[in-house]
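# Descriptive structure summary
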Amino acid sequence: MSTPLYSWGRFPRRPQRGHSCVWLDELPAHLNRVIEDHSSSLPYGNGRSYGDSCLAASDQVLHMRSLDRLIEADWDTGVLKVEAGITLAEVLAVAIPRGWFLPVTPGTQFATVGGAIANDVHGKNHHVRGTFGRHVRSFGLLRHGQPEMACSPSVNASLFCASIGGLGLTGVIHWAQLQLMPIRASQIDTTTVRFAHLAEFFSLSDELDDQHEYSVAWVDCLAKGADTGRGVFIVGDHAHYGSLEVGKRAKLSMPITPPVSLINSLSLSAFNNLYWRVHPSQRTQGRSAYEPFFYPLDRILHWNRIYGRRGFQQYQCVIPTANAEAAMGELLRAIADSGQGSFLAVLKRCGDMRSPGLLSFPMPGTSLALDFAQSEHLENVVFPRLDDIVRAAGGRLYPAKDAHMSGADFRQAYPAWERLEALRDPSLMSRFWSRVLL
Ligand SMILES: Cc1cc2nc3c(=O)[nH]c(=O)nc-3n(C[C@H](O)[C@H](O)[C@H](O)COP(=O)(O)OP(=O)(O)OC[C@H]3O[C@@H](n4cnc5c(N)ncnc54)[C@H](O)[C@@H]3O)c2cc1C
């Protein structure tokens, strides 16, 4: 029996049985077999989604990680064709030495290309490059009982759009062709500045976002009163000179899952205070290797175990520009009142570049993301209060991170859900989709 698979937050705790297939040409027969045996399934990349969107309603997933090969590369144009189970780290390992980088990368390099397309992930440069799906030229899609098909903006275009951010429901993406971005060096030149409150975050973002490829802020989720929304603002650009080096940082590992969460209001408040204070209030320039800049949490393998056996949930919302400052203030006050949250709370402006995807999460506005140890209080008190604020401000939650959103909120926030449902492969069903629709 293979080791059970989970989502990253380990909540809901629904062990998944993974059915792996090693060769692309065996995939159609493999999919048929799994569906015949279990009536439904869901593609599963590397389980870096936090909630239940990567969990099959049948608890039987098609584990795509073994399909991890580079199929074709044109290093003059930066066009790469890969199997969909390859991770972003594996793509970077071949691309960086040739002077290419992912045009969009999320905060983990352990996501697969298939998973990055199916959640249409975004990164610190959403304001200039939009989402991952904008840089996908084509992919192969396999639906149960149908011949394999290629999808691109001009061929099978409706399935192309529905599968970008399609949560794995439209079919199995088995290969993808990506357009990479040229770089001269793998290092990132950074400017860091601390801000005292939320209004300062917005004015820094107004001033600096347009001048830099990457922009993101850490926010102290427990700061109250005049300090609400204080944090550290970081912008960065690929260095113009330097070396093209693949990250080789040794990884640490969280060896066990403690019975209870190691994150509590005391440890959190002490860390947040210290972190804010060690950053100077004047702008500081620096140079960083790309791994600590993009993927700070990947340094510690299995860091998700720190939240204990009950797991955790991430809350990520985006609020439209007109309401962003007021709603972010309300959200941060509500979170500080709850005394809960995580070391890494991230504030980020999203730009107005449209994704081809039907159910893409970002919208022009501001996004807030942070983790919470799982508890009844979280579900019954904290999240309902945050949801009220997001709903009233016309915002929405990110399905890739979600394990609690109500069906009504989902359908209101993602009106294109009906078009996705019409194009869903009837043999694919996730716990997320059955929770918000059925
Ligand atoms: C530390 C950390 C930081 C993160 N930062 C960000 C961030 O900055 N921005 C962001 O957008 N996200 C972020 N995420 C979320 C993560 O990038 C996404 O959830 C990503 O989609 C996970 O990819 P995966 O390969 O692990 O897919 P999984 O989590 O296994 O699956 C995700 C979805 O993709 C579908 N899927 C997987 N493979 C395929 C396939 N081959 N064909 C069709 N469907 C498929 C699944 O059915 C599921 O619906 C972060 C996650 C972590 C753990």
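Since the model is a prediction, treat every value here as computed from it, not as a measurement.

## Remarks on the site of the ligand
Around the ligand, 34 residues are found, and the nearest of them are Pro43, Arg48, Ser49, Thr112 and Tyr398. Between the ligand and arginine 48 there is a distance of 2.8 Å, counted from an oxygen atom to a backbone nitrogen or oxygen. Threonine 112 has a polar side-chain atom sitting 2.6 Å from an oxygen atom of the ligand. Relative to its unbound accessible area of 970 Å², the ligand is 96% covered by the protein chains. Broken down by secondary-structure element, the contributors of at least two residues to the shell around the ligand are strand 2 (42-44), helix 3 (113-118) and strand 9 (172-179). For the shell around the ligand, the residue count by class is 18 nonpolar, 14 polar and 2 charged. Formed jointly, the shell around the ligand draws a minimum of three residues from each of two domains, domain 1 (70-183) and domain 2 (188-404).

## Thoughts on the UniProt feature "domain: FAD-binding PCMH-type" (unreviewed entry) in the chain
The sites that carry the UniProt feature "domain: FAD-binding PCMH-type" (unreviewed entry) are, in the present numbering, residues 11-183. With 21% helix and 25% strand, residues 11-183 has end C-alpha atoms that lie 38 Å from one another.

## Quick look at the sheet that holds strand 1 (residues 17-20)
With parallel pairing, the 3 strands of this open sheet are ordered in space as 1-3-2. Two strands in the sheet have a free side with no partner beyond their single neighbour: strand 1 and strand 2. The sheet shows a mean angle of 45 degrees between the axes of neighbouring strands, taken without regard to direction. Alignment of strand 1 against strand 3 (residues 60-63), held across 4 bridges, turns out to be parallel. Its bridge partner being in strand 3, glycine 18 is matched across the sheet by valine 61. Contacts from helix 1 (residues 27-38) reach strand 1 and strand 3 within the one sheet, and its direction differs from that of strand 1 by about 150 degrees.

## Considerations on the environment of alanine 95
Positionally, alanine 95 belongs in helix 2 (residues 88-95). Residue classification places alanine 95 among the buried positions, given a relative accessible area of 1%. Along the sequence, alanine 95 and leucine 180 sit 85 residues apart, while their C-alpha atoms lie 8.3 Å from each other.

## Notes on the packing of aromatic side chains
All chains considered together, the criterion is met by 24 aromatic pairs. Taking the centre distance of 5.7 Å and the plane angle of 55 degrees together, the rings of phenylalanine 201 and phenylalanine 233 count as tilted. Residue phenylalanine 201 is found in helix 6 (residues 198-208), and its partner phenylalanine 233 is found in strand 13 (residues 231-238); the two are separated by 32 residues along the sequence. Residues phenylalanine 201 and phenylalanine 233 agree in their burial class; the two are buried.

## Focus on the pattern of salt bridges
Under the counting rule described, the total for this entry stands at 16 salt bridges. As a salt-bridge pair, aspartate 220 and arginine 230 come within 2.9 Å of each other at their nearest N and O atoms. Here the residue aspartate 220 occupies a position in the loop between strand 12 (214-219) and strand 13, and arginine 230 occupies one in the loop between strand 12 and strand 13, the gap between them amounting to 10 residues. For aspartate 220, a relative accessible area of 3% puts it in the buried group. The salt bridge partner of arginine 391 is aspartate 409, with a shortest N-O separation of 2.7 Å.

## Comments concerning the environment of leucine 70
Note that leucine 70 resides in strand 4 (residues 70-74). Distance in space between the C-alpha atoms of leucine 70 and valine 91 is 8.1 Å, their sequence separation being 21 residues. The contact partners of leucine 70, leaving out residues within four places of it in the chain, are Leu80, Lys81, Val82, Ile86 and Val94.

## Observations concerning the domain arrangement of the chain
Looking at the chain, the domain boundaries give domain 1 (70-183) and domain 2 (188-404). A separation of 25 Å is found between the C-alpha centroids of domain 1 and domain 2. Taken together, the contact between domain 1 and domain 2 spans 35 residues of the former and 35 residues of the latter. Carbon and sulfur atoms make up 63% of the area that domain 1 and domain 2 hide from each other, which totals about 3100 Å². Considering only the surface of domain 1 that becomes buried against domain 2, Lys124, His126 and His127 emerge as the three largest contributors, covering 24% of it. If you look at where domain 1 meets domain 2, you find 1 salt bridge. Of the charged contacts in the structure, one is a salt bridge between arginine 129 and glutamate 213, with a shortest N-O distance of 2.8 Å. Viewed at the interface, domain 2 and domain 1 are joined by 20 residue pairs in polar contact (both at pLDDT 80 or more). Taken together, the elements giving at least two residues each to the side of domain 1 that touches domain 2 come down to helix 2, helix 4 (126-129) and helix 5 (157-163). In terms of residues, the side of domain 1 that touches domain 2 owes the most to one element, helix 4, which gives 4 residues.

Quick notes on the rules
- The residue numbering used here restarts from 1 in each chain and proceeds along that chain's sequence as written.
- Given that this is a predicted model, residues contribute local features only at a pLDDT of at least 70 and side-chain atom pairs are listed and counted only at 80 or more, while totals for whole chains, interfaces and linings are drawn from all residues.
- Side-chain metrics in this entry use all non-hydrogen atoms of the structure; hydrogen atoms and water are not considered.
- Near is defined per residue: the residue qualifies when any heavy atom it owns lies within 4 Å of the molecule or strand.
- Any pair of nitrogen or oxygen atoms within 3.5 Å is treated as a polar contact; in protein, a donor-acceptor pairing is required on top of that, and neighbouring residues in sequence qualify only through side-chain atoms on both sides.
- Only the protein chains shown count as cover for residues, and all accessible areas are computed by the Shrake-Rupley method using a 1.4 Å probe.
- Helix and strand assignments come from DSSP, with helices taken as H or I runs of at least 4 residues and strands as E runs of at least 2, each series counted from the N terminus.
- In this classification, Asp, Glu, Lys and Arg are treated as charged, Ala, Val, Leu, Ile, Met, Phe, Trp, Tyr, Cys and Pro as nonpolar, and every other residue, Gly included, as polar.
- In this document the domain limits rely on a domain assignment from an automatic tool or a database.
- UniProt positions are given in the numbering used here, feature names are shortened, and annotations may be inferred rather than shown by experiment.
- We treat two strands as partners when DSSP finds at least two bridges between them.
- The axes used here are C-alpha line fits, helices contributing only the stretch in contact, and every angle between their N-to-C directions lies in the interval 0 to 180 degrees.
- We call two residues contacting when some pair of their heavy atoms lies within 4.5 Å.
- Partly exposed describes any residue whose relative accessible area lies between the buried limit of under 20% and the exposed limit of over 50%, with all areas from a 1.4 Å probe on protein chains only and scaled to the type maximum.
- Only the six-membered ring of Trp is used, alongside the rings of Phe and Tyr, when aromatic pairs are assigned; centres must lie within 6.5 Å, and planes under 30 degrees apart are stacked while those over 60 apart are edge-to-face, with the rest tilted.
- Basic side-chain nitrogens of Lys or Arg form a salt bridge, by our definition, when they fall within 4 Å of a carboxyl oxygen of Asp or Glu.
- The buried area of a pairing is the accessible area, by a 1.4 Å probe, that goes missing from both parts when the two are put together, added over both.

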